[in-house]
Amino acid sequence: FKRLALKEKSQDELYEMGKSFNHMIDLLEENFEKQEQFVSNASHELKTPLTVIESYSSLLKRRGKERPELLEESVDAIHSEAVRMREMTEQLLLLAKNSEQWDLQPEPADLQELVQQSVKVFQNAYGRTVLFESSGPIMAYVDIQKLKQLIFIFLDNARKYSDESITVSTGTRERHAFVKILDHGIGIPKEELPKVFDRFYRVDKTRSRKQGGTGLGLSLAKEMAEAMGARIELESVEGLGTTATIWLPLD
Ligand code: ADP
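Before going into details, it helps to say that this report is about the structure given with it.

How each quantity is defined
Residues numbered from 1 in each chain as written. Predicted model: local features only at pLDDT ≥ 70, side-chain atom pairs only at ≥ 80, totals over all residues. Heavy atoms only, no water. Helix = DSSP H or I, 4+ residues; strand = E, 2+ residues; numbered from the N terminus. Rg over C-alpha atoms; globule rule 2.2 N^0.38 Å. Buried < 20%, exposed > 50% of the residue type's maximum accessible area, 1.4 Å probe, protein only. Contact = heavy atoms within 4.5 Å. Areas by Shrake-Rupley, 256 points an atom, 1.4 Å probe, with all protein chains shown as cover. Near = heavy atom within 4 Å. Polar contact = N/O pair within 3.5 Å; in protein donor to acceptor, adjacent residues only side chain to side chain. Nonpolar A, V, L, I, M, F, W, Y, C, P; charged D, E, K, R; others polar. Patch = residues over 30% accessible without salt bridge, like charges linked within 9 Å, V, L, I, M, F, W, Y side chains within 5 Å. Salt bridge = Lys/Arg side-chain N within 4 Å of Asp/Glu carboxyl O. Pairing = 2+ DSSP bridges. Axes fitted to C-alpha atoms, helices over the stretch in contact; angles between N-to-C directions. Expected span 1.5 Å × (residues − 1). Arc of directions from axis to C-beta.

## Focus: the overall build of the protein
Argument step 1. Across its full length, the protein carries seven helices and seven strands.
Argument step 2. Counting from the amino terminus, the protein carries its helices and strands in the arrangement α-α-α-β-α-β-β-α-β-β-α-α-β-β.
Argument step 3. Its C-alpha atoms give the protein a radius of gyration of 23 Å, clearly above 18 Å, the size a compact globule of 251 residues would have.
Argument step 4. With respect to the principal axes defined by its C-alpha atoms, the protein has extents near 85 × 55 × 35 Å.
Argument step 5. Residues counted as buried form 37% of the 251 residues belonging to the protein.
Argument step 6. Excluding contacts between residues fewer than 6 apart, the proportion of contacts in the protein whose partners are at least 24 apart in sequence is 70%.
Argument step 7. As presented, the protein carries roughly 16000 Å² of accessible surface, and 54% of it is formed by carbon and sulfur atoms.

Now the structure itself:
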């Protein structure tokens, strides 16, 4: 039946079919390469903190008793690398999900209140000043915990890449609610802006590592936003600062 159906196709139709088949193969290959690249990047990134932990712990084992001054430095390094590894593993597990597996639990919520709570938790955790501006209550239908997680990614970046106060604002425009997170930090060079959403991408690896980043925050934010039907806008000027805006549909 298939052969007969093919026989009835015109030359042009067969050509078009072949073209789309080739295109499909290309896409599959591209996806497969991406997957391979991701696994290799992930293993590499997890290896780095492990190496630090291994070398500091073996140093402590060999010299710890005779050189107690090593203790503080080693324990600090082991601890911060262990924290980074935990964060990375948590983020990798979330990234392994596809959008249907996000299991969103939307419920009615006041965005103003939700954002204010996130800001408070963040301020208490990091002791950073966050200015909060809002035009009033905004009723929306959202997964409260997931949205808080999303906001946290941007607050955490603002903290890592700026020293001054951070401003968070909420409001509505054209049937959308927005949450804006603004910092006056180092900013992102224009040519790097499209790449920062790629997994493991960091503008400056050494500097970012010192801040304790994983390079996965923004790619996770993108996936989470997509699952929520939200959109992320990232504006930045190198040396002046960055503004991240989460746009949530109100319908
Ligand atoms: P990381 O864990 O390294 O912060 P992200 O995926 O969250 O990873 O961000 C990717 C890169 O984008 C960061 O390493 C940093 O170079 C840049 N970046 C993200 N947010 C900001 C910001 N608010 N200011 C300056 N650079 C930023």
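Here the narrative resumes.
## Describing the site of the ligand
Argument step 1. Near the ligand, the surroundings consist of 20 residues, among which Asn157, Tyr161, Thr214, Gly215 and Leu218 are the closest.
Argument step 2. Take Arg202: an N or O atom from its side chain is 3.5 Å from an oxygen atom of the ligand.
Argument step 3. Backbone polar atom of Gly215 to an oxygen atom of the ligand: 2.9 Å apart, as the coordinates give it.
Argument step 4. At the level of elements, helix 5 (144-160), helix 6 (205-210) and helix 7 (217-228) are the ones that each hand at least two residues to the shell around the ligand.
Argument step 5. Classifying every residue of the shell around the ligand by side-chain character gives eight nonpolar, eight polar and four charged.

## Points about a nonpolar patch on the surface
Argument step 1. There is a patch of nonpolar side chains on the surface, built from Phe21, Met24 and Ile25 and spanning about 300 Å² of accessible area.
Argument step 2. If you trace the backbone, Phe21 turns up in helix 2 (residues 11-63).

## Description of the pairing of strand 5 (residues 176-183)
Argument step 1. Summarising the sheet, strand 4 (residues 166-173) and strand 5 pair through seven bridges and their orientation is antiparallel. Paired with Ser169 across the two strands is Lys180, which belongs to strand 5.
Argument step 2. Connecting the antiparallel pair strand 4 and strand 5 is a turn made up of two residues, with Glu174 showing a positive phi of about 45 degrees.
Argument step 3. When strand 5 meets strand 7 (residues 241-249), the two strands line up antiparallel, connected through eight bridges. Looking at strand 7, one finds that Lys180 is bridged to Thr245.

## Digging into the sheet that holds strand 4
Argument step 1. Strand order across the open sheet formed by five strands is 2-4-5-7-6, with mixed pairing between neighbours. For this open sheet the edge positions go to strand 2 (130-134) and strand 6 (231-237), each flanked by a neighbour on one side alone. Looking at each pair of strands side by side, their axes are set apart by 15 degrees on average, direction ignored.
Argument step 2. In terms of strand pairing, strand 6 meets strand 7 through seven bridges, oriented antiparallel. Bridging from a neighbouring strand, Ile232 pairs with Ile246 of strand 7.
Argument step 3. In the packing of helix 4 (residues 111-126) onto the sheet, contacts are made with strand 2, strand 4, strand 5 and strand 7, and the angle to strand 2 comes to roughly 175 degrees.

## Some remarks on helix 4
Argument step 1. Helix length check: helix 4, at 16 residues, gives a terminal C-alpha distance of 22 Å against a target of 22 Å (1.5 Å per residue), a fit within 8%.
Argument step 2. Looking only at helix 4, the buried set comprises Leu111, Gln112, Leu114, Val115, Ser118, Val119 and Phe122. Taken around the axis of helix 4, the buried residues stretch over an arc of 165 degrees, which confines them to a single face. Residues of helix 4 that are exposed and angled more than 90 degrees away from the buried face: Lys120, Val121 and Asn124.
Argument step 3. Residue Gly127 follows helix 4 closely and has a positive phi angle near 60 degrees.

## Notes on unusual backbone geometry
Argument step 1. Of note in the backbone geometry, Arg175 takes a positive phi value of approximately 60 degrees without being a glycine.
Argument step 2. With respect to the helices and strands, Arg175 occurs in the loop between strand 4 and strand 5.
Argument step 3. For Phe200, which is not glycine, the phi dihedral falls at a positive 70 degrees.
Argument step 4. Among the structural elements, Phe200 can be located in the loop between strand 5 and helix 6.

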